[in-house]
Amino acid sequence: MNVPIAPVRPELAGPTWIPWLLWLVVFFGLLPLAVAYIVLAERKVAGRFQDRIGPNRVGPFGLLQPIADLLKLITKENIVPRAADAVTHLLGPVLLIVSAFLVLAVIPFGVSGSRAEVAPFGAVSPAEGSRLGYPGLAAVDTASGLLYLVAAASLSVLGVFLAGWSSRNKFALLGSMRGVAQLVSYEIPQVLSLVPAILWASSLSLVGIFNAQVDQGWFLGSPPGIVAFVVLMIASIAETNRAPFDLPEAESELIAGYHTEYSGMRWGLFFLAEYLAIIGVSCLATTLFLGGGMLPFTSWPLGAIDSVVLVNLVLVGGFVAKVALIIFVIFWIRATLPRMRVDRLMGFAWKILIPLCLVNIVAAAVWLELAVRRDRPLLGWLVTLPPLVLALAALVRLSRREGPAPVVGRDRLVRTPAAIPGVGGRDPS
Amino acid sequence: MLPNYGFIGLLLLAAVAFAVAPLVVVALVAPRKWSVEKGEAYECGVRTTGETWVRFRIQYYVYALLFLVFDIETIFLYPWAVSYLGLAEAGFGLFVLVEMVVFLVLLAVALVFAWAAGDLRWV
Amino acid sequence: MQLIFLIVSAVGLLSALGTVLARNLVHAALFLVAFFFAVACQFVLLEAEFLAAIQVLVYIGAVSILLLFGVMLTRNIQGDETTSGHWAWKLPAAIVALGVFGVLGSSITAERGRPGQSSWTGTATRPGGVNPRVGGPASVALAASPTGRSLASADLDGRVRLWLPSGRQDSAFPTAGSTASAVGFSPDGDLVAAADDLGRVLVWDVLARRPAFECLGGLAGRIASVAVGPRRSAEDPADRLAAAAGLDGKVRLWDGPGSEPRVIPAHDGPILAMSFTPDGLLVTAGADRVVKVWDPSPGRPDPGDALAVTIATEPGRPVAALAVSPVPPRPKPEQGDLDLRPGAPAAGAPALDPDPDPAEDNPGGPIVAVASLVSGEPGRWGLRVLDATDGAEVASFEGLDGVPIALALAPDSSRVAALVGPASLASASPGDEAPAAPSVLSWEIGPDVEDPGPVELPVDRSAGVGSRLAVGAGGPLLAIAPPGAPIAFSVGESGPWLSPRSPAATASAVVADMPRAVGDELMTRYVVPFEVAGLMLTAAIVGAIVLARQDSRPASAAGTAADPTALPAVPPVSPRGGDGEFTTVSVSETPGARPER
């Protein structure tokens, strides 16, 4: 009879200052640096798309351009409009930055151990016994990780509102109201498109989701997974106010939207927050649907190589490559697509993405039953793909049916009673 | 769990410091030449007229209301998604799936209602 | 921690004040957001991270946006023009506010504390080593009570729990700072003891559910079993011997509460099982394949001279598992005679025992069960039940299918059970195919048993090496504690295994994996009424809409152009009455619907 040794979860071991400091260095040293060069890359890429060269004057290939930009921002005057609400004027960009950093705290960039030995939060089915998993290379791994991430991301809405409201500028206010409406509308499809991943991993912990993909393969490899990934990317682009969803800062109608009254380094904070948010959503999509840093169709370095460093060389490398690819696609979309009209933008979220997500959740459950639990992926494809395609087609048709945009007479919309009298037939004012 | 959130608190404070620090540097380095014109609201060079903090349409409020409904739904959907596999293995799969389909249908009814009532139409 | 709590509370209170006092409505809303955030921090301090995330997501992310949009609907954002009225209007409001405050304050301070504590004090430590699975913390040791009425487990969250045979938790005793590594009952079943590796033995009263006494200062070391002796005096129920035996082969023996422990080197190898007999003798069985029955009272000779029985006669037979029971097997009680009596004719309980003293017609001592390799046949394991005093074989079951992992004897020696791993377990390496599931075999033993069994119960594959097993006295109760997983019971002859969900177990699981706990609770308990209500509400709304349509149709046809069917063809919409599609009509062509300005 051997006496079992009580398994002690590492998180119970108390605060560990050295990893914390290392993570702070990563967050506040590496990530801003990455942002600087992502900006440079975007300018270069955009230049190529537009048949230009892009910045190439400062340093070799323009590599010192970010530093020059930073120096320029720092030496610019710090202007706060006379009528602005000074404290909230500062609070807006700060909230955006905080939100962007907090989101990144739960992302597992790799593994912190090369042996599967911790039972991840969740990812356990009572009949199978506990499934082992790899400890993740994340600053924080909690049982509610994904919910925490969504909550942290939702803080940015408040920042956008405060920035526009505190400026006391009509364009800024209009931009921020538009921005908030857009952000809340696209937050719903974003949140709903995460559900399939949670469902399949049976865990809200991002490390648990990563481990589930080590078992089951990338979550992208199924019809509900593809739909969820695409919806997540669309919603994430809208959440970061990137083209073609950059209406809050549409320069042709709203000057610069909610950050009209921000200049110099204050504007730089918005800029930093935007690109940090892009990194954040790319990391999220990578972790949830592209298997983290895993190579496609194999979990090869995991379990085969014993050295954590070597395994992480592959995993973190793969992770960074995938994130870079997603960011490139975001640049590509920006260089390609024109800005959407505001009513189309809202209609797209509410009339196509959200109903599609609701259908997709059911499809994801069906996929789980057929392909994961009963191990019949082909049947899963046959059953889940047609309804999703049909739903998408029907939704597109339905949303196009509404006819041309309403005509605004004087300052109010005039609208006939809608198709359901008694509901739509109320006073339109 | 608490150490985790200790780190999150630290990260929050550090992020605030990280956002404010450049502004401190700017205050030390950047020139300061104040003029009345600089303090005006920038509205394409036209002097601003009227009250800025105007009243907005009810439409925004309706969107926020709808958003709240769908946001709260995540409280239900996420734990369901977490528990589904375990409950399915325990033999409750069909029941739990039907439960969620009913819930999603209820949500869809809300959405259809808002759609039919014209609340999803941006103006 | 206390400091963080105070800071967060202060921030929350200040921002609540700010919400009330701010003139600017947006500022007030911002203070409210700060208050929401303080509440989220409090949730984190209470280790309810799921609720904290929900708080941030719903209140800061959605409700505050709703509030701000509401504020943007109003005219007086800035609070420039005061909307405050006359003092006579403020007075009733102030009285009501103060009254509410008073009621809250008095009811909070009127809260009575737990016995022995003043109100609003007391600390609770976070349970450690909680397994994330719903079902509770894992157990490291099990013991069945001789009374057949309860079963004890030493759990990784630092508690010793007593379970009823039905699988419900009876009580939980905190072990104050350490995790017990062994539990054991006294022969009369009145006391349960737990020993930890630091040299302590804690003893609780089973019926009164409170601590009885504790023995401190023992030699530290890995403890494998613990036992409490029978009552020695009529006056003091706590006057008993207590013993803890470790893997170092030494018995730590306390002569009653508060006494200094003696350390007795009893075996050459680890002591794997130990029990007190009802007449105060100690039975120890060790990995040195020796069982000793000796008198541990002070002044008696050392166990080295005591009666020793070598239990594995052939030296080539490795012992896989051992179990001891303090009483000899007895004839089965008559039907209807429930197991309310102690397993042995202990002092103070003979009135309950209608049977004659079984020792008279069934002479014999405590028994020991040994699972060992059958000699000459590699891979075949056998189980033998021996009399510990003379080594006579009581029962023998040959030909187990796999390696015996754990062995348990019922405290009344009525049954023996073995957790048998799959045959390939011994040679299983990580690359092999998953072996067949282990199973629990149980046999009846006793002089008048015709068909000893075995009864086979398959168990979860997680019940591998390191599992603990216990057999209840009398009834067919079996309990198993797989490593790192919660305890599971089998009440009937054929299972199934049930994992108890005690409040404490659920609470610990909630702390570890709150989303899953919420989901399980929602889906198994609370969802149906709400969905029924939702369905009824939906039906009502849909019905109302349909009714409204029917009502409005004649009116609209008579007067206005509001009815879509009455409209002239409006491209590109083709209104189809009645099937509920979403038709919003271009308005420039329908001046009839334009309201008057």
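Owing to the predicted nature of the structure, the values given are computational and were not obtained by experimental measurement.

**Quick notes on the pairing of strand β23 (residues 439-444) of chain C**
Residue and element names in this part refer to chain C.
Here comes step 1: The buried fraction of β23 amounts to five of the six residues, a majority that puts the element mostly inside the structure.
Here comes step 2: Sheet analysis places strand β22 (residues 415-420) next to β23, joined by six bridges and oriented antiparallel. By the bridge assignment for β23, L419 is matched with V440.
Here comes step 3: Two strands pair when backbone bridges link them, and β23 and strand β24 (residues 455-458) are joined in this way by four bridges, in the antiparallel orientation. Looking across to β24, one finds that S439 is bridged to P458.

**Some details on the side chain of S150(C)**
Here comes step 1: In this structure, S150(C) sits in the loop between β1 (139-144) and β2 (151-155).
Here comes step 2: Excluding residues within four positions of it along the chain, S150(C) makes contact with A144(C), S145(C), W163(C), F185(C) and V206(C).

**Side note on the confidence of the model for chain C**
Residues and elements named next belong to chain C.
Here comes step 1: Averaged over all residues, the pLDDT of chain C equals 70, while 63% of them reach at least 70.
Here comes step 2: The least confident element of chain C, judged by mean pLDDT, is helix α5 (residues 358-361) at 44; the most confident is helix α2 (residues 25-45) at 89.
Here comes step 3: The model gives residues 334-362 a pLDDT under 50, and that stretch makes 29 contacts with residues more than four places away or in other chains.
Here comes step 4: For this predicted complex, the interface confidence comes out at an ipTM of 0.87, alongside a pTM of 0.65.

**A short note on the UniProt feature "transmembrane region" (unreviewed entry) in chain B**
Residues and elements named next belong to chain B.
Here comes step 1: In this structure's numbering, the residues bearing the UniProt feature "transmembrane region" (unreviewed entry) are residues 6-30, 60-80 and 92-117.
Here comes step 2: This span, residues 6-30, is 96% helix and 0% strand, and a straight line between its end C-alpha atoms measures 36 Å.
Here comes step 3: A helix fraction of 100% and a strand fraction of 0% characterise residues 60-80, whose end C-alpha atoms lie 31 Å from each other.

**Some points on the packing of aromatic side chains**
All names here are of chain A.
Here comes step 1: In total, this model carries 27 aromatic pairs over all chains according to the counting rule given.
Here comes step 2: Seen from their ring centres, F271 and Y275 are 5.0 Å apart, and the 50° between their planes marks the pair as tilted. Of this pair, F271 and Y275 both sit in helix α10 (residues 264-289), four residues apart, roughly one helical turn.

**So, the sheet that holds β22(C)**
Residues and elements named next belong to chain C.
Here comes step 1: In space, the four strands of this open sheet follow the order β21-β22-β23-β24, with antiparallel pairing throughout. Here the strands that pair on one side only, and so sit at the sheet edges, are β21 (404-409) and β24. Each neighbouring strand pair of the sheet contributes to a mean axis angle of 20°, computed without reference to strand direction.
Here comes step 2: Pairing geometry for β21 and β22, over five bridges, is antiparallel. Residue pairing in the sheet places A408 in a bridge with A417 of β22.

Calculation notes
- Residues numbered from 1 in each chain as written.
- Chains lettered and ligands numbered in written order.
- Predicted model: local features only at pLDDT ≥ 70, side-chain atom pairs only at ≥ 80, totals over all residues.
- Heavy atoms only, no water.
- Buried < 20%, exposed > 50% of the residue type's maximum accessible area, 1.4 Å probe, protein only.
- Helix = DSSP H or I, 4+ residues; strand = E, 2+ residues; numbered from the N terminus.
- Pairing = 2+ DSSP bridges.
- Contact = heavy atoms within 4.5 Å.
- pLDDT = per-residue confidence, 0-100.
- UniProt positions renumbered as here; feature names shortened; annotations may be inferred.
- Phe/Tyr/Trp six-rings, centres within 6.5 Å; stacked < 30°, edge-to-face > 60°.
- Axes fitted to C-alpha atoms, helices over the stretch in contact; angles between N-to-C directions.

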